[in-house]
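# Fold and contact review
Residues per chain, in single letters:
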Amino acid sequence: DTGVSQDPRHKITKRGQNVTFRCDPISEHNRLYWYRQTLGQGPEFLTYFQNEAQLEKSRLLSDRFSAERPKGSFSTLEIQRTEQGDSAMYLCASSLAGGGNIQYFGAGTRLSVL
Amino acid sequence: QKEVEQDPGPLSVPEGAIVSLNCTYSNSAFQYFMWYRQYSRKGPELLMYTYSSGNKEDGRFTAQVDKSSKYISLFIRDSQPSDSATYLCAMSPGSGNTGKLIFGQGTTLQVKP
């Protein structure tokens, strides 16, 4: 068990480009969460999956954002037509459903939109 | 008004001091309370986890929850320079819910040698 893994660690892109991030959760965890964190703020919830089902999406998740977890294991978060306001740290967390839902976070993907 | 309020600091203390970090919240449905430590440009690391009211101790760290006052605290004893980081409180409603965490803004702590 190597913890939650995120790739890439840092992504620099030009405005208008599409980007995709990957998250590999702790292997036995069935819940996977995406959060966004801007400088000086705490993480904000974006969306979560239980197994392969996406069960909740925040209003922060505009239609340019899409997330998938096709086989209930790894997940991808895609941002289309990136904007400078999308620059942030994108964090992935995983947990077991129930029992307090203790979430463990990855190191994050830092997105810089130029 | 935010659901979870946390003073961003920064908080600067000398090595060996006792540190008190606090959060207040407004949602009485919160049942699970966590403290995460985050070093610069890293992901949050779980420090402490408590359910409902009460105290929990782990080494130099003590977490307290007072649900009647909607107030949680993290105490760090014998603080070390390696404790310098941002401390995030997080909370969520009871089981059966999505379990998404609501975070405070984070308090930046600097422990000076």
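Our subject is the structure listed above.
To start, this report covers the structure provided alongside it. Small disclaimer: the values here were computed from a predicted structure and weren't measured.

Before going further, it helps to spend a moment on the overall build of chain B. For chain B, the count of helices and strands is zero helices and eleven strands. Of the regular secondary structure in chain B, the N- to C-terminal order runs β-β-β-β-β-β-β-β-β-β-β. Overall, chain B is about 45 × 30 × 25 Å in size when its C-alpha atoms are taken along their principal axes. Out of the 113 residues in chain B, the part that is buried amounts to 44%. Sequence separation of 24 or more characterises 55% of the internal contacts of chain B that already satisfy a separation of 6 or more.

Another point: the overall build of chain A. Looking only at helices and strands, chain A features zero helices and eleven strands. The C-alpha radius of gyration computed for chain A amounts to 13 Å, which stays within 12% of the reference 13 Å derived for 114 residues, consistent with globular compactness. Taken along the three principal axes of its C-alpha coordinates, chain A extends 40 × 25 × 25 Å. Here chain A holds 114 residues, and 46% of them are scored as buried. Looking at chain A alone, contacts between residues at least 24 apart form 53% of all its contacts between residues at least 6 apart.

Once that is clear, we can look at the pairing of strand β11 (residues 107-112) of chain B. Residues and elements named next belong to chain B. Judged by which residues are buried, β11 turns out to be one-sided: T107, L109 and V111 face inward and are buried, whereas T108, Q110 and K112, on the alternate face, are not. Strand direction decides the pairing type here: strand β2 (residues 11-14) and β11, joined by four bridges, are parallel. Bridging from a neighbouring strand, L11 pairs with L109 of β11. Summarising the sheet, strand β9 (residues 85-93) and β11 pair through three bridges and their orientation is antiparallel. Bridge pairing links T86 to T108 in β11.

Conventions and cut-offs
Residues numbered from 1 in each chain as written. Chains lettered and ligands numbered in written order. Predicted model: local features only at pLDDT ≥ 70, side-chain atom pairs only at ≥ 80, totals over all residues. Heavy atoms only, no water. Helix = DSSP H or I, 4+ residues; strand = E, 2+ residues; numbered from the N terminus. Buried < 20%, exposed > 50% of the residue type's maximum accessible area, 1.4 Å probe, protein only. Contact = heavy atoms within 4.5 Å. Rg over C-alpha atoms; globule rule 2.2 N^0.38 Å. Pairing = 2+ DSSP bridges.

That is the geometry; function is a separate question.
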